[in-house]
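Residue strings, one per chain:
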Amino acid sequence: MTYNSFAQDNLRFKIVRGKTDTVNSRSHFIIGVAPLGAEIFINGMKVKQYSTGSFGTQMMLQDGVNPVEIKVYSGSEEMTDSFSVFYKQSSLQEVRDVPFFKYPVVVTKKGAYLNSSPGGDRLGGAKMNFLSEGIKMELLGVEGNLYKVKLSDNRSAYLPRYYADLLPVGEMPAFSVSSSWSVVNSGKYDKVRIALENRQPYIIYRNPQPNQLVVEIHGTVNNSNWITQYRNLKSIDYVHLNQISSDVLQVVIGLKEKFSWGYNVDYVGNGLEISIKNTPEVLYSRSKRPFAGLTIGLDAGHGGTSSGAVSPSGIKEKDLNLDMVMSLKELIESNGGKVVLSRSEDIDVSMQERVDIFRNANIDIMVSVHCNAGGNPLQPMGTSTYYRHIEYRPLAKGILDRLMELNVGEFGLIGNFNFSLNAPTDFPTVLVETLFMSSLPDEELLASPEFRRDMMEKVAAGLEDYIGDVRESLK
Ligand SMILES: [Zn+2]
């Protein structure tokens, strides 16, 4: 397979970026694609053409009208495109309209999650955690498509309006007195179950040092004086509780193992159940095949009507992602692992469907493969890996370390990243943004099937390192 098979049609001369009427930034990129072997001039200056056919330049704009003329000589053909770009300094203005209504109480629906702020960047406000359905909270206000809800006397948060229903006037927010607890091993999971009178909102966070999972149950007072902990628990070392304010009960779960395999918090009836996944049994025994007995979820970003980023020469991110995921699958399977794919062809799969596929398959680790976009199109932008939950930092770092053995730039290790597939806590997740589609030097590397394969070998090596570290920690 060559990169040409990814480009939609035969390369023709076309400007793909920079033909903008009015801009507020002096630095302006013109990016285009032309038949291979063409000579290209932008405002009389010859520019480099990459082996993909892409070319580009950076202009510093003058105030007002900036004429741009591009001439392409290809064989006996001469092609011209000219346009102008108007530069004007931006007048800083922030328009924020914050309607404020007062409703009594909302109740959460399936898929609800909390944000700590109303948010503003392209990925939305910082996510706190998912929340079960059927939780009633007092409504403090409405901001855009978010409800501001009261968790307890001194704590509020934001909840997407889509994931909550308004209740009729007269409904009360929930309040509970906690009663019996149980802490048991149920095979693949260790479980803490706390009986409450109603479904209360909760906040979850991880402490890496000491290794703890902390769940704050809001609108709740403690009346539990008895916590039975069995000796056959695998991941849970101890469970402890603190009444940290008049209506917040904090549950501290001390964890035995250095590496985490995921957890889930949900209501069963009115009992809050915290399930912590135990280390896969297979990792306690020696194995020559690194991935034997493990199920790895692989996610090829985008697909179908979602192309992802499109490179200057017309390569679509969705095609590269799938191609790379297929080689990663082969590498993992040849090392004994089982692979579950979120898609194996060019089709639309929603984020929720992807999460459901992985949850239902009970995967042990998930890797999502994407290509990045943005930044300077004329510079190599580099590779990066992303995690959302602190406990998966070592996984993301291990893969980045291996990728950096290739001759590519470093875009970095990015934490607290608000990507939907990094959000589930059910299993370790990492997002790999291989290289930038929008960078001409990166695009040239991504266009090479051999280089894509090299990148996936590094991802597989990073996973193998991680599994090796887990085994080491269990000795
Ligand atoms: Zn993408």
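Rules behind the numbers
Residues numbered from 1 in each chain as written. Predicted model: local features only at pLDDT ≥ 70, side-chain atom pairs only at ≥ 80, totals over all residues. Heavy atoms only, no water. Domains from an automatic or database assignment. Helix = DSSP H or I, 4+ residues; strand = E, 2+ residues; numbered from the N terminus. Buried < 20%, exposed > 50% of the residue type's maximum accessible area, 1.4 Å probe, protein only. Donors = N, O, S within 2.8 Å, 3.2 Å for Na, K, Ca; no water. Core = buried A, V, L, I, M, F, W, Y, C linked by side-chain atoms within 4.5 Å. Contact = heavy atoms within 4.5 Å. Pairing = 2+ DSSP bridges. Axes fitted to C-alpha atoms, helices over the stretch in contact; angles between N-to-C directions.

Q: Can you explain the domain arrangement of the protein chain? Please cite residues and give values.
A: For the protein chain, the assigned domains read domain 1 (3-87), domain 2 (105-166), domain 3 (176-279) and domain 4 (283-474). Taking only C-alpha atoms, the centre of domain 1 and the centre of domain 3 are 59 Å apart.

Q: Can you explain the environment of Asp454? Please cite residues and give values.
A: Take Asp454: it is sitting in helix α5 (residues 449-474). You can call Asp454 partly exposed: its relative accessible area is 32%. C-alpha of Asp454 to C-alpha of Met324: the two residues are 130 residues apart in sequence and 9.7 Å apart in space.

Q: Any details on the coordination of the zinc ion? Residues and values, ideally.
A: Around the zinc ion, the protein contributes the donor atoms His302 (NE2), Glu317 (OE) and His370 (ND1), at 2.2 Å from the metal centre. The sequence motif formed by the donor residues of the zinc ion is H-x14-E-x52-H. With His302 in the loop between β27 (295-300) and α1 (317-334) and Glu317 in helix α1, this pair connects stretches of sequence that are 15 residues apart. Exposure remark for His302: the relative accessible area of 22% places this residue in the partly exposed category. Residue Glu317 is classed as buried on the basis of its relative accessible area of 3%.

Q: Quick rundown of the nonpolar core? Include the residues and the values.
A: Inside soluble globular proteins, nonpolar side chains tend to come together where they are buried. In this structure, Leu298, Leu328 and Val367 are the most contacted members of the largest nonpolar core, which totals 46 residues. Those elements that place two or more of their residues in this core are β27, α1, β28 (338-341), β29 (365-372), α3 (393-403), β32 (429-436) and α5. Excluding residues within four positions of it along the chain, Leu328 makes contact with Leu298, Val367, Val369, Met456, Val459 and Ala460.

Q: Summarise the sheet that holds β27; cite the residues concerned and give the values.
A: Two modes of strand pairing occur in sheets, parallel and antiparallel, and in both the strands are linked by backbone hydrogen bonds. With respect to topology, six strands assemble into an open sheet ordered β28-β27-β29-β32-β30-β31, the strand pairing being mixed. The two strands at the open ends of the sheet, each matched to only one other strand, are β28 and β31 (410-414). Ignoring strand direction, the axes of neighbouring strands in this sheet form an average angle of 20°. As defined by bridge partners, β29 adjoins β32 across six bridges and the pair is classed as parallel.

Q: Can you break down the sheet that holds strand β26 (residues 271-277) residue by residue, with the values?
A: Judged by pairing direction, the sheet is mixed, and its five strands sit side by side in the order β22-β17-β18-β26-β25 without closing on themselves. Edge positions in the open sheet fall to β22 (227-229) and β25 (263-268), since each of these has one partner strand only. When strand polarity is set aside, the average angle formed by the axes of neighbouring strands in this sheet is 15°. Bridge count for strand β18 (residues 189-195) against β26 is seven bridges, and the pairing is antiparallel. Across the sheet, Ile194 pairs through a bridge with Leu272, a residue of β26.

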